[in-house]
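Read off the chains here:
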Amino acid sequence: MQIVRNITDMEGIASELKKSGKTIGFVPTMGYLHEGHTSLIDQCKKEADYVVVSIFVNPLQFGPNEDFDRYPRDEQHDTAVAQEHGVDYLFLPDVHDMYPQKTNIELTVKRRTDVLCGKNRPGHFDGVATVLVKLFHITRADYAYFGLKDAQQVAVVQGMVDDFNFPLSIIPVPTVRESSGLAKSSRNVYLSKSERNQAAHIFKALQQAQHFIIDGNKNPVMIIEEVTKFIKQNTDGSIEYVELLSYPELERVDEINQQIIIAVAVHFEGARLIDNIILDKNGNIPEAYF
Ligand code: AMP
């Protein structure tokens, strides 16, 4: 595995790989790698000739009161994990190299962002879009892998790729969970033991909602109420949102007769956690998402 810290070097490597007719799979991350990340890497390894993983804690996607400074970082651990999973190039760009000056153009994501995480994280998806435009160009990826744990991110990035004709495919990868059902996240390290136990109820609430839909309940309001009630009864967390929307458009629905997402954000003292489930109108997980 080659570690690449310089943008020009990464561009040179990508250009050589393209000349040789090989495909490049790309997994963008913010590091502190766990099994969620490695499932993206493993899938990428199966489908692309070369695997490029980036680790970059992107300041543009953090709000002023968010955890940019204390976001967990461990380069040594991440290098070992990447090596173990057969990554070919580990790209670790420097923040000054990525954002040397004020840009001439600022990206603003107009759709799919006024709901879920976008509502309370203004500018977050603009920051995500900006860094990905740069990373997609630098790595010249043919395939880019994204976790469905961040399903709104998948929807926004797919929208961007469609709108601007990026010559790459976005590959969504199912959420990896602990045996308790808790979605793996770099931020789980902030949770106390008791919060970790409570947090497992977030996925249980989503599964319960799935069963309501399988049983024929088509009413979003009732399902949102039940999910909210279950989380309140079983955790001390404070709920930021419970929403049921069409997916990937992320629009409100009056009745469940299309593919939907039920998504939740809960604040614990230690961390803000998100989770979701994507279902077809009968409550089954669509084939593209498992
Ligand atoms: P992050 O480092 O948190 O920016 O995540 C990098 C990529 O890993 C994103 O596409 C995430 O959606 C994905 N990811 C993070 N956690 C999980 C998980 N538990 N299961 C699947 N993908 C994940």
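The rules behind the values
- Residues numbered from 1 in each chain as written.
- Predicted model: local features only at pLDDT ≥ 70, side-chain atom pairs only at ≥ 80, totals over all residues.
- Heavy atoms only, no water.
- Pairing = 2+ DSSP bridges.
- Helix = DSSP H or I, 4+ residues; strand = E, 2+ residues; numbered from the N terminus.
- Axes fitted to C-alpha atoms, helices over the stretch in contact; angles between N-to-C directions.
- Contact = heavy atoms within 4.5 Å.
- Domains from an automatic or database assignment.
- Salt bridge = Lys/Arg side-chain N within 4 Å of Asp/Glu carboxyl O.
- Polar contact = N/O pair within 3.5 Å; in protein donor to acceptor, adjacent residues only side chain to side chain.
- Nonpolar A, V, L, I, M, F, W, Y, C, P; charged D, E, K, R; others polar.

Draft legend 1. Seen up close, the sheet that holds strand β3 (residues 50–55). With parallel pairing, six strands are arranged side by side in an open sheet as β1-β4-β3-β2-β5-β6. Strands at the two margins of the open sheet, each flanked by one partner only, are β1 (2–4) and β6 (169–173). Taking the axes of each pair of neighbouring strands and ignoring which way they run, one obtains an average angle of 25 degrees across the sheet. Pairing between β3 and strand β4 (residues 89–91): three bridges, direction parallel. Within β4, the residue paired with Ser 54 across the bridge is Phe 91. Across the face of the sheet, helix α1 (residues 7–19) comes into contact with β1, β2 (24–29), β3 and β4 while running at roughly 145 degrees to β4.

Draft legend 2. Here's a closer look at the domain arrangement of the chain. According to the domain assignment, the chain consists of domain 1 (2–173) and domain 2 (186–279). Distance from the C-alpha centre of domain 1 to the C-alpha centre of domain 2: 26 Å. Listed per partner, the contact involves 23 residues of domain 1 and 20 residues of domain 2. At the boundary of domain 1 and domain 2, one finds two salt bridges. As a salt-bridge pair, Lys 119 and Glu 243 come within 3.6 Å of each other at their nearest N and O atoms. Put simply, domain 1 and domain 2 have 11 residue pairs in polar contact (both at pLDDT 80 or more) between them. Looking at the side of domain 1 that touches domain 2, the elements with two or more residues in it are α5 (116–120) and α7 (151–163). In the side of domain 1 that touches domain 2, the residues fall into 11 nonpolar, five polar and seven charged.

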